[in-house]
Structure formats: C-alpha cells, structure tokens
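Chain and residue survey
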Amino acid sequence: MPKTNGTLGFFENVNRSFDRAARFLTYPEGLLKQVRTCNSVYTVHFPIKTQHGYEVISGWRVQHSHHKAPCKGGIRYAPEVSEHEVKALAALMTYKCALVDVPFGGAKGGVQIDPNRYTPDEIERITRRYTAELIKKNFIGPGVDVPAPDYGTGGREMAWIFDTYASFYPGQIDATACVTGKPITQGGIQGRVEATGRGVYFGLREACEQAEDMKRIGLSPGLADKTVIVQGLGNVGYHAAKFCREGGCRIVGIAEYEGGIYNPRGLDVDAVLAHRRETRSILDFPGAENIRPSSDTLERECDILIPAALENQITEANAPRIQAKIVAEAANGPVTAQAEDILSARGVWIIPDVYLNAGGVTVSYFEWLKNLSHVNLGRMGKRFEQSAFDRILHTVERLTDTWLPEAERRSIVHGADEIDLVNSGLEETMITAYHQIYEEWKGDARIPDLRTAAFISAMKKIAVSYMELGIFP
Ligand code: GLU
C-alpha cells in the first residue's frame, strides 16, 4: 500500500522519477500519461490445501506497458507482496528494458506467500496453480508475457511454470520461450543465474572509470581497492560481491536478516557463504565484527554501498548516516525518494536500479532468443571461428618462426561458447547503456542526476514506439 505518513509509496517513488524526467521532454498530450500508467492489472485468489489447512493465496500479474510485445518481468514470492509493489516493479521493468534495448514491455508478478512456510511440494502446487490462472486470462506466453525469477523464486519455479504451460499447449513449438531463468536442461541459458550480479559489476566498473565523476566524489578512478558493503547475500548480492571482488574491490561488510559482519581487511564472500550454509548465519564469521541490528551495517565506512535485497532500505531515517560515496542499486527501489534527496545533497553518487540491475533481463532476452531459434548460442560458429583463428595463428607462427606453447595456442584459437557469447553480450549492453545515459546527463546541465537521465533516455525510446505506432501524432 502507498505510505500515508508523508513518505511516498514505492510506485509513487517510481513515478516521481518519471515526473522529474518528464520536465525535460515535450510530447503530444496524453503520450507520457499513457507511458506512466499500468496497462493491465490482474489479481487472482485461489485455494490451496497445505499443511496449514485450506488457504486462499493472493497473486498478481501487472503488465505495465504494451508498447512492445511480449511483456517481461520476474515473479516474486514474499509475504509483503501487494498490488502496489507489483505495479512499481512492473513499471521499473518497462524503463529497464527500454534502457538496455531489450524489446519488451515491462511486467511483474507476485504471489503473497512466505516460501519458508511451505514444503517444496506445496510451493510446486502454488506455482502450477498460479501459472494456470495466468494461462486462463492469457497473461503468459512467448509472445504475450514472459515471467522470470525474482525475489523468492528461481530456476526450480521457472521449470514448473514452463512444464505447466507446455502441458496446456501440447505441441506449441515455442513453448520454452514462455518463461526465462529456467534450468539449463529445461531450455535455460548459461550465465543467467549470475547475470544480474555480473551486470551490476559491469555497470559499476563503467561508472568508476569516469575520472571526472570519481574526482567529484573524492575517489580515484577504477574499482581497484575500493571498499564495498553489500546488503543481501542472495543471488544478486552474492554475485555482485563476487565479481566486484574479482575486479579488485575489497568487500568489507555484508548485511543479512540475522545481522551484519564487518572486516576492514576484507571478507572472502565464498567463505562467508559456506559459513552461512554451515551455521545458518553470517554472524561469528572468523575475523569479522558482528553488527546488530543488521541495518547498522549499511552505515559503516566504505566507498561503495550495494543494496541488493529489497526496496525501501535506505530511507530518510538512515540516509544522513550513510558513509559510502557511491550507492549502487542492485535491488529494485532500495533508496526512497526522501533518502535520495538527502544523499544527493550530501554528494553521494547513486547509480540507479533501473540501469544497474538490468543484466538479469538482458540475459533473459538472450534465453528467449535461444528458445525461439531452437539452437544453442555458439553451436553454428564455434568450430568455424576456431579453425579461422588457427589458420591465422599458424601463418603468423610460420612467418615469424615463433611457435607458441600448446596451452597459449589453445587459449588464442578458442571459439566462442554459449557462456562467452552471453557474457560478451551482457558486457556490451551494460557499457552501451551507461554511455547513452551518461550522454543524456552531461548533455543538459539542468538534469540533476543519473536516475533522471536514465528515465529520460528510457522514456524517449518508449515515446518513439508509441508515435511510430501512430497512436499519438
Ligand atoms: N526479476 C528480474 C528483474 O527485476 C529479472 C526479470 C527478467 O529476467 O525478466 O529485473
């Protein structure tokens, strides 16, 4: 529900960013109103018999924008899920897809359950029933609306969604493309699991390479030896931390439900994860200080804070105490509008969610393409590339009379596999989008921040497609 105590609700927050961007745009009357609004909202309540008795489960699927088909966006399982939240997340998907040139409208789904209260068998039945409800109203399909994982869901749920859809449409040749984030054996793609975290890393690396911006906030360019605190050690947080660490950052703090840990000398993210698996908690990790409540971890000293959990984590209450110079929004909506004003006034640089976490949907797009083309990426070209490189290298070796060791030779002539193509496509997408947003930002001194620039960039692309449809003059 929208907040009533003077602070904005999540969807109002998203629309505030939209309205700020709209001030820099001139379009025919009604166009931006059409872009801003949620096009279709489907609410469903269905009964399920579980260990807790007969329960009525509430779920939603919101299609924010039909300017392109299909619609795209994850499905969230959490007890706090509401129509309001799903609308905000669906809207973010529209702008996110436009920013990274993924040709989809935005959507989002939510089921109001706490997955920890149910057995895998019960979650399977809830997932299959929710999918059947989507099918009934034509809210799922390769060309209609394509779900994916989000908070509380993963490959397992996507496999059930695919299987349910396929059994309703036997023989539909493109059925695998009805959902992304599937396990590899069910038509998934290499690199999708880590895609959002990897995208966060690529985006952050690009931002930190801009010497002028880094100077403004008092940091040296590049990621090397930057100190990082991550909130959330789920799929996105873990992978963002892992890739940032591999890219030269020092992970000094990690926050989870049960509390936080801090070690200025750096934390080995894999070791923390192993410790959590063993003890069910990140607390008491050797060499690190325990922090309680968990939220205090966000206020510790660091260069970069990566909130990678849920929305509304940095609010007007804690924003004045955030010490980070960069807030990298890996989650959707982690910084409230009021907190954003406070952080901006204090010179903290926010890399916005709508750009920074777009890596997930980007690789979902690659999975969808793979499913529709019915061929693995790399299958057609790999050997051809390999033999071409081999011939070139052999010629160079012959002309220079220098013969490379076999291992080096093999690494040079290696043809691209699916994972190589996915990662290179993701890197290209994140870098290109960053510079599009950046040019927008630097092109007009009145544009206050990267988020407004990102919304302007996305809204321009969406407006063009409406105009090209001839709906608006
Ligand atoms: N749930 C993810 C997001 O918020 C991925 C969506 C998708 O892959 O469609 O971006």
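The structure we're discussing is the one just above.
Structural notes on the nonpolar core
Tyr95, Leu204, Ile306, Ile326 and Trp349 are the most contacted members of the largest nonpolar core, which has 100 residues in total. Sorting elements by how many residues they give to this core places helix α3 (residues 83–99) first, with 11 residues. If we skip the residues at most four places from it in the chain, Leu204 touches Leu223, Cys244, Ile304, Ile306, Ile326, Ala328, Ile351 and Leu356. Residues Tyr42, Ile48, Ile126 and Ile140 belong to the second largest nonpolar core, which totals 25 residues.

Overview of the site of the ligand
Every one of the 14 residues lining the ligand counts as a neighbour, but Lys72, Lys96, Pro149, Asp150 and Ser364 are closest to it. Here Lys96 contributes a side-chain N or O atom positioned 2.8 Å from an oxygen atom of the ligand. Between Arg192 and the ligand, the recorded distance is 3.0 Å, taken from a side-chain N or O atom to an oxygen atom. If the ligand stood free it would expose 300 Å²; the protein chains cover 95% of that surface. For the shell around the ligand, the elements supplying multiple residues, two or more each, are β3 (71–77), α3, β5 (145–149) and α12 (359–373). Grouping the constituent residues of the shell around the ligand by class yields 4 nonpolar, 5 polar and 5 charged.

Brief notes about unusual backbone geometry
Put simply, Ala69 and Pro70 share a cis peptide bond, and its omega is 0 degrees. Residues Arg292 and Pro293 are joined by a peptide bond in cis, for which omega reads -5 degrees. Mapped onto the secondary structure, Pro293 falls in the loop between β9 (289–291) and β10 (304–307). With phi around 55 degrees, Asp401 is a residue other than glycine that occupies positive phi space. When you line up the elements, Asp401 lands in the loop between α13 (382–400) and α14 (406–413). Using a relative accessible area of 59% as the deciding quantity, one classes Asp401 as exposed.

Considerations on the sheet that holds strand β7 (residues 250–256)
Strand order in this open sheet of 7 strands is β9-β8-β7-β6-β10-β11-β12, and the pairing throughout is mixed. In this open sheet, the two edge strands, each paired with only one partner strand, are β9 and β12 (349–351). Pairwise comparison of adjacent strand axes, ignoring direction, gives a mean angle of 20 degrees for this sheet. Where strand β11 (residues 326–328) lies against β12, 3 bridges are found, and the strand directions are parallel. Bridged to Val327 within β12 is Ile350.

Points about the pairing of strand β4 (residues 105–111)
Where burial is concerned, most of β4 is hidden: 7 out of the 7 residues are buried. Along β4, one buried face is formed by Gly105, Ala107, Gly109 and Val111 and the opposite face, lined by Gly106, Lys108 and Gly110, is buried too. As defined by bridge partners, strand β2 (residues 53–63) adjoins β4 across 5 bridges and the pair is classed as antiparallel. The residue of β4 that forms the bridge with Gln63 is Ala107. Summarising the sheet, β3 and β4 pair through 5 bridges and their orientation is parallel. By the bridge assignment, Ile75 is partnered in β4 with Gly109. Regarding the hand of the β-α-β motif, the stretch spanning β3, α3 and β4 is right-handed.

Thoughts on the packing of aromatic side chains
One pass over the full model with this rule turns up 13 aromatic pairs. Between Trp349 and Trp441, the aromatic rings sit 6.3 Å apart at their centres with planes inclined by 20 degrees, giving stacked as the arrangement. With Trp349 in strand β12 and Trp441 in helix α15 (residues 418–442), this residue pair connects regions lying 92 residues apart in the sequence. Residues Trp349 and Trp441 agree in their burial class; the two are buried. Members of the aromatic cluster, each reached through a chain of ring pairs, are Trp349, Tyr355, Tyr434, Tyr438 and Trp441. Between Lys49 and the ring centre of Tyr54, over which it is positioned, the NZ or CZ distance is 5.9 Å. Cation over ring: Arg216 sits above Trp349, and NZ or CZ is 5.5 Å from the ring centre.

What counts as what
- Residues numbered from 1 in each chain as written.
- Predicted model: local features only at pLDDT ≥ 70, side-chain atom pairs only at ≥ 80, totals over all residues.
- Heavy atoms only, no water.
- Core = buried A, V, L, I, M, F, W, Y, C linked by side-chain atoms within 4.5 Å.
- Buried < 20%, exposed > 50% of the residue type's maximum accessible area, 1.4 Å probe, protein only.
- Helix = DSSP H or I, 4+ residues; strand = E, 2+ residues; numbered from the N terminus.
- Contact = heavy atoms within 4.5 Å.
- Near = heavy atom within 4 Å.
- Polar contact = N/O pair within 3.5 Å; in protein donor to acceptor, adjacent residues only side chain to side chain.
- Areas by Shrake-Rupley, 256 points an atom, 1.4 Å probe, with all protein chains shown as cover.
- Nonpolar A, V, L, I, M, F, W, Y, C, P; charged D, E, K, R; others polar.
- Pairing = 2+ DSSP bridges.
- Axes fitted to C-alpha atoms, helices over the stretch in contact; angles between N-to-C directions.
- Right-handed = clockwise from strand over helix to strand, strands pointing away.
- Phe/Tyr/Trp six-rings, centres within 6.5 Å; stacked < 30°, edge-to-face > 60°.
- Lys NZ or Arg CZ within 6 Å of the ring centre and 35° of its normal.

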